[in-house]
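Structure at a glance
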Amino acid sequence: FSQEFQLPNGAKMKNRLCKAAMTEHMADPQSNLPNEQHIKVYEVWANGGLGTCITGNVQVDKRYLEGPRNVVLERDTPLEKFCE
């Protein structure tokens, strides 16, 4: 698990550890945008030695949330919070 390997497309992974996508339920309760909690938890995961980190559950329509405080990225959503 700890050895570097290369995917068929040429991308190199530092190991075979992977965090699968999951629902964090941490989005801003009013805007459904990511916030400081997201930044902190993804920093912890990134610094923890993962080879791959698949992002969490992001909804594309605020009307159909999977759960409370889902992140929502709709056509007119401001992108600044997604770029921090």
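So, a few notes on the structure that sits alongside this text. Values in this document were obtained by computation on a predicted structure and should not be read as measured data. (Residues numbered from 1 in each chain as written. Predicted model: local features only at pLDDT ≥ 70, side-chain atom pairs only at ≥ 80, totals over all residues. Heavy atoms only, no water.)

**Some thoughts on the overall build of the protein**
Just so we agree on the cut-off: Here a helix means four or more residues in a row that DSSP labels H or I, a strand means two or more in a row labelled E, and each is numbered from the N terminus. Computation of the radius of gyration draws on C-alpha atoms alone. For the globule rule, the value is 2.2 Å times the number of residues to the power 0.38.
Along the protein, the regular secondary structure elements total one helix and six strands. Listing the helices and strands of the protein from first to last along the sequence gives β-β-β-α-β-β-β. Computed over its C-alpha atoms, the radius of gyration of the protein comes to 15 Å, more than 25% above the 12 Å expected for a compact globule of 84 residues. Referenced to the eigenvectors of the C-alpha coordinate spread, the extents of the protein come out at roughly 45 × 25 × 25 Å.

**Some details on the environment of Tyr64**
With respect to the helices, strands and loops of the structure, Tyr64 is situated in the loop between strand E5 (58-59) and strand E6 (71-72). C-alpha separation for the pair Tyr64 and Lys14, spaced 50 residues apart in sequence, amounts to 37 Å.

**A word on the layout of surface pockets**
Put simply, the rule is: The distinction between a cavity and a pocket rests on a 1 Å grid over the protein atoms alone: a 1.4 Å probe fits inside a cavity but cannot get out, while a pocket stays open yet meets protein on both sides within 12 Å along at least five of seven lines, and a residue with an atom within 4 Å of a point counts as lining. Grid points are joined across faces, edges and corners, and a volume is the space filled by probe spheres set on the points. Here the term charged refers only to Asp, Glu, Lys and Arg, the term nonpolar to Ala, Val, Leu, Ile, Met, Phe, Trp, Tyr, Cys and Pro, and the term polar to all other amino acids, Gly among them.
Its volume calculated, the largest pocket comes out at about 240 Å³. Taken together, 14 residues line the largest pocket, and the ones lying closest to its centre are Pro34, His38, Tyr42, Val71 and Phe82. The element contributing the most residues to the lining of the largest pocket is helix H1 (residues 36-47), with three residues. Here the residues of the lining of the largest pocket sort into six nonpolar, five polar and three charged.

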